[in-house]
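Below, each chain spelled out in residue letters.
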Amino acid sequence: AINANGLHDLSMLGFPTVIVVGALLLRKRSILITTPIAVICVEIVAFADITGITKSDMAQKTDAADALIAGVLVIAISALLQLLIIRLNESAEEARKNEAMQVDANKELLSLQANLENRILERTRELNEANTFNERRAANFEAAAQLARTVASFRDINKLLPAITEVISNKFNYYHVGIFLNDDTQEYTILTAANSEIGKRLLADGLQIKISQTG
């Protein structure tokens, strides 16, 4: 600049360019170094113009006001960059906070989803258990109703008791059903009806068990 047009030379744009590039690469701390150096350099060029060191016609037009304005412009550029960097840092910090909040919100949603799925599974299990219980109760009621119809349809106890063992075996899914009746002396209980092959053999053998006997 001193060898050309002084403060009015295009090369003077290098000073704010240095400040901008330094701020982009090194952030805020570079401004504290590059700005004073740039201001000093600008004022040196202005001093060279004013004192006649720079010989060009453009340099001869430089006065103290130009020197002051050039220095103020460099400082203003530096201040604007400083504000811009602060704003960018605030925006970045806000973005990080929003990201953290979003992560927390996603975790909470996942937790709620997991809890909801667990509740649905638990509710489904309870409904299945309730349905199974109701089906079993319905089957028991049906068996009881059929048993009642069986009892009502027989007048002969010798036919009634075997029929009861068959109904109970079929409806309640028992392999062996036996009916014991106590004798008149209440000393023995006697197998009176049975549905299974083994039970029928025991019935034919006249199985009776002493009431006080365990087994």
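Structural notes, computed from the coordinates. (Residues numbered from 1 in each chain as written. Predicted model: local features only at pLDDT ≥ 70, side-chain atom pairs only at ≥ 80, totals over all residues. Heavy atoms only, no water.)

### Describing the nonpolar core
Here is a general trend for soluble globular proteins: nonpolar side chains tend to be buried in one another's company. Leu-7, Val-42 and Val-74 are the most contacted members of the largest nonpolar core, which totals 15 residues. If you list the elements that add at least two residues to this core, you get helix 1 (14-26), helix 2 (28-51) and helix 4 (64-153). Sort the elements by how many residues they give to this core and helix 2 lands first, with six residues. What Leu-7 contacts, discounting residues up to four positions off in sequence, is Met-12, Val-42, Val-45, Ala-46, Asp-49, Thr-62, Asp-66, Ala-67 and Ala-70. (Core = buried A, V, L, I, M, F, W, Y, C linked by side-chain atoms within 4.5 Å. Buried < 20%, exposed > 50% of the residue type's maximum accessible area, 1.4 Å probe, protein only. Helix = DSSP H or I, 4+ residues; strand = E, 2+ residues; numbered from the N terminus. Contact = heavy atoms within 4.5 Å.)

### Re the sheet that holds strand 2 (residues 188-194)
Across the sheet, which stays open at both edges, the three strands sit in the order 1-2-3 with antiparallel pairing between neighbours. The open sheet is flanked by strand 1 (178-182) and strand 3 (208-210), the only strands paired with a single partner. Direction aside, neighbouring strands of the sheet carry axes that sit 30° apart on average. Bridge count for strand 1 against strand 2 is five bridges, and the pairing is antiparallel. Within the sheet, the bridge partner assigned to Phe-180 lies in strand 2 and is Leu-191. Packing of helix 5 (residues 157-172) onto the sheet brings it into contact with strand 1 and strand 2, and relative to strand 2 it is tilted by some 70°. (Pairing = 2+ DSSP bridges. Axes fitted to C-alpha atoms, helices over the stretch in contact; angles between N-to-C directions.)

### Let's talk about the packing of aromatic side chains
Inspection of the entire model under this criterion finds one aromatic pair. Both rings, one in Phe-172 and one in Tyr-174, keep their centres 6.4 Å apart while their planes meet at 20°; by these two values the pair is stacked. On the accessibility criterion, Phe-172 (33% relative accessible area) is partly exposed. (Phe/Tyr/Trp six-rings, centres within 6.5 Å; stacked < 30°, edge-to-face > 60°.)

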